[in-house]
Amino acid sequence: MDTLYRRLLKPLLFKLSPDRVHDLFTLIGETAGRTGPMRWLFGRAYGYRGRDISKTVDGIRYRTPILLSAGFDPDGRLTRILPALSFGGEEIGSVTAFPCEGNPRPHLTRLIRNKCIVVYKGLRNDGVDALIAKLRRTPRTKDFVLGISIARTNSEDAWCDIESGVRDYVESFKKLNEAGVGDYYTLNISCPNAFTGETFITPENLGRLLPRIREVSCEKPVYLKMPINVPWEQFAQLLDMADKNAIQGVVIGNLNKEYGDLTYPEDAPHEYRGGLSGLPTAKLSNELIKKTREKYGTRFTIMGVGGILTAEDAMEKFSAGADLIQLITGMIFTGPSLMNRICQTYAKTQAT
Ligand SMILES: Cc1cc2nc3c(=O)[nH]c(=O)nc-3n(C[C@H](O)[C@H](O)[C@H](O)COP(=O)(O)O)c2cc1C
């Protein structure tokens, strides 16, 4: 399967624009997910069938410790097929209070030598009401966890003041919580491609958002998706604010805005065209995970994200201190058997 993807499918797919491949994958995944025989077939090809590696984190059981990271499936169309690809969950979204067209296309640009994607989607999604309706009519798979990532609506018409940003997050959060959809929620405060910028990555502004989230009575875990381009002092102040406001965990982290971190910076767009995923996020994310564990012990659940392109990269995230891991770019560059390979390697480490 691996060779088939690398030798045949990937060269063909990489000839198409990444926006088209993403649309195509979503369509195929959604269609295949609707029928039992197709799910079975995908499961035979890509599903993990080894010893039990399920993990319970914050009271939620994950069939495997790997999630699809936020952004690949903003509208919750892949929930039925992903369990067949060895995922233990996914972070749907980021979803916003209002439907959102996102930024002008292209949304995605591949930088092949740099093993990364320039992401300029700008939070395109159908909005929270459509997501709730979709999830209510979609059957669930046992122990396949649905996290929902919430962001602020990205639109040129958006009010740029802090209060309207707070209201936008709270509105989505309340609606999802009242509808009872999603097993946990992540507040995405670190999208680098939004018209309103990263308003809530300063401790002062985050200190205005979190108490309002806390006013909503919610039994499910709430996590924060962290920026990776801020200095450690600021990162730690954000964590202190999260601690004060009973946030259970952190997703570390989002895209890298520094084109200078690329191995081949000459391949990057000449002007800023969005954040970098994949390899240029790996080191920053691993360092921040380690420092968070060192300073805060087990206070926060940590989801480790960024640049997991091989099973060894995944193990590095766990060694750094992640409880669970998330990925997108590795699946695109290495192929859909990556998750199964990670599960097998993880199972071996659990056996010793
Ligand atoms: C196509 C794409 C869309 C993304 N959209 C979002 C998003 O809506 N919300 C979010 O929190 N992160 C988003 N991200 C960031 C990813 O969730 C992840 O943090 C980042 O890509 C690093 O992981 P990776 O190297 O495994 O891709 C997106 C990434 C990609 C590649």
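Note: the structure precedes this text.
First, a word on scope: everything that follows refers to the structure included in this document. For every chain, the first residue of its written sequence is number 1, and the numbers climb from 1 along that sequence. Where totals are concerned, whole chains, interfaces and linings use all residues; where local detail is concerned, this predicted model gives features only for residues with pLDDT of at least 70, and gives and counts side-chain atom pairs only at 80 or more.

Considerations on the overall build of the protein
Phase 1: Secondary structure elements follow DSSP: runs of H or I of four or more residues count as helices, runs of E of two or more count as strands, with numbering from the N terminus. A tally of regular secondary structure across the protein gives 11 helices and 13 strands.
Phase 2: For 352 residues, the compact-globule estimate of 2.2 N^0.38 gives 20 Å, and the protein sits close to it at 19 Å.
Phase 3: The principal-axis extent of the C-alpha atoms belonging to the protein is close to 50 × 45 × 40 Å.
Phase 4: Once C-beta atoms are placed from the backbone, each residue is buried if 20 or more other C-beta atoms lie within 10 Å of its own, exposed if 12 or fewer, and partly exposed for counts between those two. In the protein, buried positions account for 48% of the 352 residues.
Phase 5: Long-range contacts, defined here as pairs at least 24 residues apart, represent 77% of the contacts in the protein between residues at least 6 apart. Each radius of gyration reported is based on C-alpha atoms, and the globular scaling rule is 2.2 Å times the count of residues to the power 0.38. The contact criterion used here is simple: two residues whose C-beta atoms, placed from the backbone, lie within 7 Å are in contact.

Thoughts on the sheet that holds strand β5 (residues 108-111)
Phase 1: The three strands lie next to each other as β5-β6-β11, forming an open sheet whose pairing is antiparallel. Two strands in the sheet have a free side with no partner beyond their single neighbour: β5 and β11 (275-276).
Phase 2: Think of it this way: DSSP has to see at least two bridges between two strands before they count as a pair. In terms of strand pairing, β5 meets strand β6 (residues 116-119) through four bridges, oriented antiparallel. Directly across from Leu108, in β6, lies its bridge partner Val119.

Examining unusual backbone geometry
Phase 1: Note the cis peptide between Gly93 and Ser94, where omega equals 5°.
Phase 2: In this fold, Ser94 is placed in strand β4 (residues 89-95).
Phase 3: In this chain, Arg105 is followed by Pro106 through a cis amide linkage whose omega measures 5°.
Phase 4: Looking at the element boundaries, Pro106 is found in the loop between β4 and β5.
Phase 5: Unlike most non-glycine residues, Asp58 shows phi in positive territory, near 50°.
Phase 6: Structurally, Asp58 can be placed in the loop between β1 (55-57) and β2 (60-62).
Phase 7: C-beta crowding within 10 Å serves as the criterion here: with 15 such atoms nearby, Asp58 is assigned to the partly exposed category.
Phase 8: For Ala246, which is not a glycine, the phi torsion comes out positive at approximately 60°.

Re helix α7 (residues 232-244)
Phase 1: The end-to-end C-alpha distance of α7, which contains 13 residues, comes to 18 Å, matching closely the 18 Å that a straight helix rising 1.5 Å per residue would cover.
Phase 2: What α7 keeps buried is the set Phe235, Leu238, Leu239, Met241 and Ala242. Summarising the axial view, the buried residues of α7 lie within an arc of 160°, below the 170-degree limit, and thus occupy one face. Set apart from the buried face of α7 by more than 90 degrees, the exposed residues are Glu233, Asp243 and Lys244.
Phase 3: The secondary structure elements touched by the buried residues of α7 are α6 (203-214), β9 (222-226), β10 (249-252) and α8 (279-296). Helix span is expected to be 1.5 Å times the residue number reduced by one. Picture the helix axis, draw a direction to every C-beta atom, and the arc is the one those directions span.

Describing the nonpolar core
Note on soluble globular proteins: their nonpolar side chains tend to be buried together.
Phase 1: By convention in this section, buried Ala, Val, Leu, Ile, Met, Phe, Trp, Tyr and Cys residues joined through C-beta atoms within 7 Å make up a nonpolar core. Leu224, Val250 and Ile325 are the most contacted members of the largest nonpolar core, which has 97 residues in total.
Phase 2: With near-sequence residues (within four places) excluded, Val250 lies in contact with Tyr223, Leu224, Met226, Leu239, Ala242, Thr292, Phe300 and Ile302.

Some remarks on the packing of helix α5 (residues 162-179) against α6
Phase 1: In contact at an axis separation of 10 Å, α5 and α6 are set at 30° when each is read in the N-to-C sense. Of the possible angle classes, the one that applies to α5 and α6 is roughly parallel. Between α5 and α6 lies a crossing whose hand is right-handed. Contacts between α5 and α6 pair Ile162, Val166, Tyr169, Val170 and Phe173 from the former with Asn205, Arg208, Leu209, Arg212 and Ile213 from the latter.
Phase 2: Looking at the contact of α5 with α6 residue by residue, the classes come out as seven nonpolar, one polar and two charged. Throughout, an axis means a line fitted to C-alpha atoms (over the contacting stretch in the case of helices), and angles, computed between N-to-C directions, take values from 0 to 180 degrees. Any angle that is under 35 degrees is reported as roughly parallel, and any over 145 degrees as roughly antiparallel; angles of 65 to 115 degrees are reported as roughly perpendicular and all others as oblique. Helix crossings get a hand from a simple test, with the near helix turned counterclockwise from the far one by less than a right angle marking a left-handed crossing and a clockwise turn marking a right-handed one. Throughout this entry, Asp, Glu, Lys and Arg are counted as charged residues, while Ala, Val, Leu, Ile, Met, Phe, Trp, Tyr, Cys and Pro are counted as nonpolar. The remaining residues, Gly among them, count as polar.

Observations regarding the site of the ligand
Phase 1: As a matter of local geometry, the ligand sits amid 29 residues, with Ser69, Ala70, Gly71, Ser277 and Thr329 nearest to it.
Phase 2: Listed by contribution, the elements that provide at least two residues to the shell around the ligand are β4, β6 and α10 (329-334). For each residue, a C-beta atom is positioned from the backbone; the residue is called near a molecule or strand if that atom sits within 6 Å of it.

As for the packing of α6 against α7
Phase 1: Look at α6 against α7: their axes get within 9 Å of each other, and the N-to-C directions meet at 20°. Taken together, the axes of α6 and α7 lie roughly parallel to each other. For the element pair α6 and α7, the recorded crossing hand is right-handed. Contacts between α6 and α7 involve Pro203, Leu206, Gly207 and Leu210 from the former and Gln237, Leu238, Met241 and Ala242 from the latter.

Digging into the pairing of strand β13 (residues 324-327)
Phase 1: By the alternation rule, side chains of β13 split into Leu324 and Gln326 and Ile325 and Leu327, which are all buried.
Phase 2: Here strand β3 (residues 66-68) runs beside β13; their pairing, made up of three bridges, is parallel. Looking across to β13, one finds that Ile66 is bridged to Ile325.
Phase 3: Sheet analysis places strand β12 (residues 301-305) next to β13, joined by three bridges and oriented parallel. Residue Met303 lies in a different strand from β13, and its bridge partner there is Leu324.

Here we look at the pairing of β6
Phase 1: Neither face of β6 is open: one carries Cys116 and Val118, the other Ile117 and Val119, and all of them are buried.
Phase 2: Taking the residues that link successive antiparallel strands as the turn, the β5-β6 hairpin has four residues, and the phi of Lys115 there is positive, at about 50°.
Phase 3: Summarising the sheet, β6 and β11 pair through two bridges and their orientation is antiparallel. Paired with Val119 across the bridge in β11 is Gly275.

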